[in-house]
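Summary of structural features
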Amino acid sequence: MADAAIEQFLYREARLMDEGKYREWLSLWTDDAIYWVPCSDDDTDPRRDVSLIYDNRERLVQRVDRLLSGTVLALDPRPLMRRVVSNIEIEADAGSDVTVASNFILAHARWDTQQIWAGRSLHKLRRDGATFKIVFKKVMLVNAEQEIPLLQFIV
Amino acid sequence: MLAKSEQEVGKFDALINGARIHGSLYRDPAIFQRELELIWYKVWVYLGHETEVPNAGDYVRRQIGLQPVVMLRGDDGEVRVFFNRCRHRGNLLCHRDRANVAKIVCPYHGWTYSRSGGLLEPTFEEGYDDNLSRDDFGLTPVPRVDSYRGLIFASVSAEGISLDEHLGGMKEYIDLFVDLSPAGEIEIRKGVQKLRYRGNWKFHPENSMEGDYHGPFIHRIAFELHSRATGLDMSSLHANEIPDVIRSLPGGHMVEDYRGATMAPPNRPPSPARLAYLEMMEARYGKEKTRQLTTTIPPLFYVFPNLIHIMTHVRRIQPVSVNETYIYYHPVFLKGVPDELNERRLRDHEFGFGPAGFIAPDDIEIMERNQIGVRSEGDDWQFIGRGMHRDKVLPNGASTGYTMDENHLRAFWQHYCKLMNGNGEA
């Protein structure tokens with residue numbers, strides 16, 4: 001069933017992000033990728049107002065290169081992460097592209113602290129044979145408007 | 001271990017001694033408290049830019065030290081700063097980060113103020129003596145408010161040097177980045193990146209004006225990525241120290257100025273938008289000044305105690321406690337330029353800054369580690385002596401040093417010491 005395939009895709013994406021397998025995660029994206037994490041709750045125009053993350057493909061590659069460089073101080077010691085993806089809802093299905101919303105809650109452990117991050121993701125997925133590629137991903141963090149600690153991992 | 005008498009708060013010369021800085025300055029809550037009394041509640045503190053409250057009734061919530069204040073545009077167009085506290089029973093009045101209001105209404109008992117802060121009505125007036133004057137119960141203005149190029153500063157102390165005197169030579173540096181606009185005006189919009197770190201506020205200014213000292217160590221990958229994308233080789237700045245880059249100005253301010261460094265030309269021809277921009281700049285400033293403004297990085301600067309400007313943004317430093325600080329990154333847009341160029345600035349900003357950026361987070365992580373390091377009291381002194389043998393102090397009290405010298409830190413701490421001893425700038 002289509003829904004099961006979408007779910008499995010989201011779970012796999014979550015596992016790759018949790019385990020820092022960023023090169024493999026990058027291979028899930030199309031070339032016209034947009035990865036967007038706003039820092040406001042209301043409807044921001046990312047072309048006019050700042051976001052935490054607003055990556056096209058080029059920026060996404062830089063992000064992954066940096067996270068995998070081994071020189072990022074915030075990743076040494078390495079954070080340990082595990083997230084739950086749930087509340088999956090298919091919002092639109094246009095044949096080649098499907099839009100799916102989901103919630104996540106993520107535990108991030110580093111130094112002497114465990115942080116909880118949570119939010120709602122909006123994925124636009126493009127069918128790619130039996131699987132999908134990510135065209136667009138918007139992550140609306142619950143704490144988007146708060147003073148937040150470093151976000152040196154992928155949500 | 002200092003003798004007990006030398007540890008008394010107030011004798012800061014014992015803690016700040018030329019190139020030696022004592023660790024307690026970063027970890028002692030009593031010192032943090034004294035900083036509130038003798039720095040944050042005395043000097044000019046940067047609050048925001050007037051473009052953050054463009055319309056009548058617009059307000060933004062800010063803080064001076066730990067005191068909530070509100071910056072509010074009145075119907076007369078004036079921007080005022082009030083203590084954000086109801087005159088009735090002290091409740092928080094303007095509770096949103098930013099909003100537009102027709103009137104300010106206290107949610108507790110309905111006391112209502114105008115956009116210029118006057119009390120319009122206490123509720124249930126019949127319960128008050130007829131002699132009660134509404135004029136006595138308007139919003140309390142923060143005693144001193146002033147601005148430069150739209151940057152608004154305020155002080156909760158009624159007395160002190162003027163903003164003009166406080167800024168001194170920093171005005172010239174502020175001009176250098178505001179003048180990047182062919183209209184001579186910058187704009188700060190509603191978007192802001194907010195960050196918290198587990199560290200003392202002073203680690204932040206100390207870190208901010210030394211991109212080429214710590215840069216090759218903690219920002220290595222960011223410099224590499226930038227270099228790959230633009231063809232600019234940042235490592236040459238580190239390999240060859242040049243003089244007259246790191247400066248302090250009287251008042252605790254600091255500058256990092258690379259205008260003397262040769263920059264490789266960009267590896268792309270200018271876009272039509274960029275050409276249009278240069279044409280507008282030449283129309284306003286003439287060819288020579290335009291060349292100067294647009295072919296170098298405008299100097300990075302720090303205005304004591306809480307304002308930083310670095311390339312794409314201005315930054316506010318907000319102390320929370322001795323070991324916690326908030327940082328607000330406000331991207332700066334240029335009025336009068338094609339949208340495409342402001343969008344480019346925004347994308348460049350997101351490359352470097354905010355909690356998910358490729359540059360700032362390495363600084364933040366290093367500050368958190370620094371906070372842990374200074375808990376260790378074995379030899380409780382930092383050493384900021386680089387370049388001391390070649391210290392150059394100019395007639396106006398400014399100091400100037402080489403790319404990796406620490407003359408600016410020595411001057412920052414001297415200014416801090418003066419204020420904390422109570423011999424401040426009054």
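Here the structure is a predicted model, which is why all the values come from computation and not from measurement. (Residues numbered from 1 in each chain as written. Chains lettered and ligands numbered in written order. Predicted model: local features only at pLDDT ≥ 70, side-chain atom pairs only at ≥ 80, totals over all residues.)

1. Topic: the overall build of chain A
Check the secondary structure of chain A and you find 3 helices and 6 strands. The dimensions of chain A, computed from C-alpha atoms along their principal axes, are 45 × 30 × 30 Å. Per-residue burial over chain A gives 34% buried out of 155 residues. In chain A, 51% of the contacts between residues at least 6 apart in sequence involve partners at least 24 apart. (Helix = DSSP H or I, 4+ residues; strand = E, 2+ residues; numbered from the N terminus. Buried ≥ 20, exposed ≤ 12 C-beta atoms within 10 Å, placed from the backbone. Contact = placed C-beta atoms within 7 Å.)

2. Some points on the overall build of chain B
Along the backbone of chain B there are 12 helices and 24 strands. Relative to the globule expectation of 22 Å for 426 residues, the C-alpha radius of gyration of chain B, 23 Å, shows essentially globular dimensions. Along the first, second and third principal axes, the C-alpha set of chain B runs to 75 × 65 × 40 Å. When the 426 residues of chain B are sorted by exposure, 42% land in the buried category. Look at the contacts in chain B between residues 6 or more apart in sequence, and 64% of them connect residues 24 or more apart. (Rg over C-alpha atoms; globule rule 2.2 N^0.38 Å.)

3. Details of the interface of chain B and chain A
Of the residues lining the interface, 27 residues belong to chain B; the matching set on chain A comes to 27 residues. No other element matches the 5 residues that helix H11 (residues 360-373) of chain B contributes to the side of chain B that touches chain A. For the side of chain B that touches chain A, the per-class residue count stands at 14 nonpolar, 4 polar and 9 charged. (Nonpolar A, V, L, I, M, F, W, Y, C, P; charged D, E, K, R; others polar.)

4. Description of the environment of Tyr402(B)
Residues and elements named next belong to chain B. Along the chain, tyrosine 402 falls in the loop between strand S24 (399-401) and helix H12 (407-420). According to the C-beta neighbour criterion, tyrosine 402 is partly exposed, with 18 such atoms within 10 Å. Sequence spacing of tyrosine 402 and proline 243 is 159 residues, and the spatial spacing of their C-alpha atoms is 4.0 Å. When residues no more than four places from it in sequence are discounted, the contact partners of tyrosine 402 are Glu241, Ile242, Pro243, Val245, Ile246 and Gly387.

5. Details of the sheet that holds strand S9 (residues 112-113) of chain B
Residues and elements named next belong to chain B. With antiparallel pairing, the 3 strands of this open sheet are ordered in space as S8-S9-S10. On the outer flanks of this sheet lie strand S8 (104-105) and strand S10 (119-121), each paired with one strand and no other. The pairing of S9 with S10 spans 2 bridges and is classified as antiparallel. Bridge pairing in S10 places tyrosine 113 opposite leucine 119. (Pairing = 2+ DSSP bridges.)

6. Observations regarding the sheet that holds strand S18 (residues 307-310) of chain B
With antiparallel pairing, 9 strands are arranged side by side in an open sheet as S14-S20-S19-S18-S17-S16-S15-S24-S23 (chain B). The strands lining the two open edges of the sheet, one partner per strand, are strand S14 (193-197) and strand S23 (392-393) of chain B.

7. Description of the domain arrangement of chain B
Residues and elements named next belong to chain B. Domain parsing of chain B yields domain 1 (45-151) and domain 2 (169-420). One C-alpha centre belongs to domain 1, the other to domain 2, and the line joining them spans 33 Å. Contacts between the two partners involve 11 residues from domain 1 and, on the opposite side, 14 residues from domain 2. With 3 residues, strand S3 (residues 45-49) is the largest single contributor of residues to the side of domain 1 that touches domain 2. Its residues placed into classes, the side of domain 1 that touches domain 2 shows 4 nonpolar, 4 polar and 3 charged. (Domains from an automatic or database assignment.)

8. Quick word on the environment of Asn306(B)
Residue and element names in this part refer to chain B. As for its placement among the helices and strands, asparagine 306 is situated in the loop between strand S17 (300-303) and S18. Taking the number of C-beta atoms within 10 Å as the measure of exposure, asparagine 306 has 27 and is therefore buried. In this structure asparagine 306 touches Val45, Tyr46, Arg316 and Ile317, once residues within four positions along its chain are discounted.

9. Topic: helix H2 (residues 29-40) of chain B
Residue and element names in this part refer to chain B. Buried within H2 are the following residues: Glu35, Leu38, Ile39 and Trp40. Buried residues of H2, seen end-on, are gathered within an arc of 150 degrees and therefore sit on one face of the element. Opposite the buried face of H2, by more than 90 degrees, sit the exposed residues Pro29, Ala30 and Glu37. Considering only its buried residues, H2 is in contact with S3, strand S4 (58-64) and H12. (Arc of directions from axis to C-beta.)

10. A short note on the nonpolar core
Formed by 134 residues in total, the largest nonpolar core has its most connected members in Val45(B), Met71(B) and Ala154(B). Here this core takes 7 residues from H12(B), the largest share from any one element. (Core = buried A, V, L, I, M, F, W, Y, C linked by C-beta atoms within 7 Å.)

11. With respect to the pairing of strand S3 (residues 80-93) of chain A
Residue and element names in this part refer to chain A. Examined bridge by bridge, S3 and strand S4 (residues 97-110) share 11 bridges and lie antiparallel to one another. Looking at S4, one finds that methionine 81 is bridged to histidine 108. Taking the residues that link successive antiparallel strands as the turn, the S3-S4 hairpin has 3 residues, and the phi of glycine 95 there is positive, at about 85 degrees.

12. Things to note about helix H10 (residues 339-352) of chain B
For H10(B), spanning 14 residues, the distance from its first C-alpha to its last is 20 Å, which sits close to the expected 20 Å at 1.5 Å a residue. The secondary structure elements touched by the buried residues of H10(B) are strand S2 (51-55) of chain A together with strand S19 (313-321) and strand S20 (324-331) of chain B. Of the residues trailing H10(B), Gly354(B) is marked for its positive phi of about 90 degrees. (Expected span 1.5 Å × (residues − 1).)

13. Quick look at the pairing of S3(B)
All names here are of chain B. Of all 5 residues making up S3, 5 are buried, and the element is well covered by its neighbours. Relative to strand S12 (residues 151-155), S3 runs antiparallel, the two being bridged by 4 bridges. Of the residues in S12, the one forming a bridge with tyrosine 46 is phenylalanine 153.

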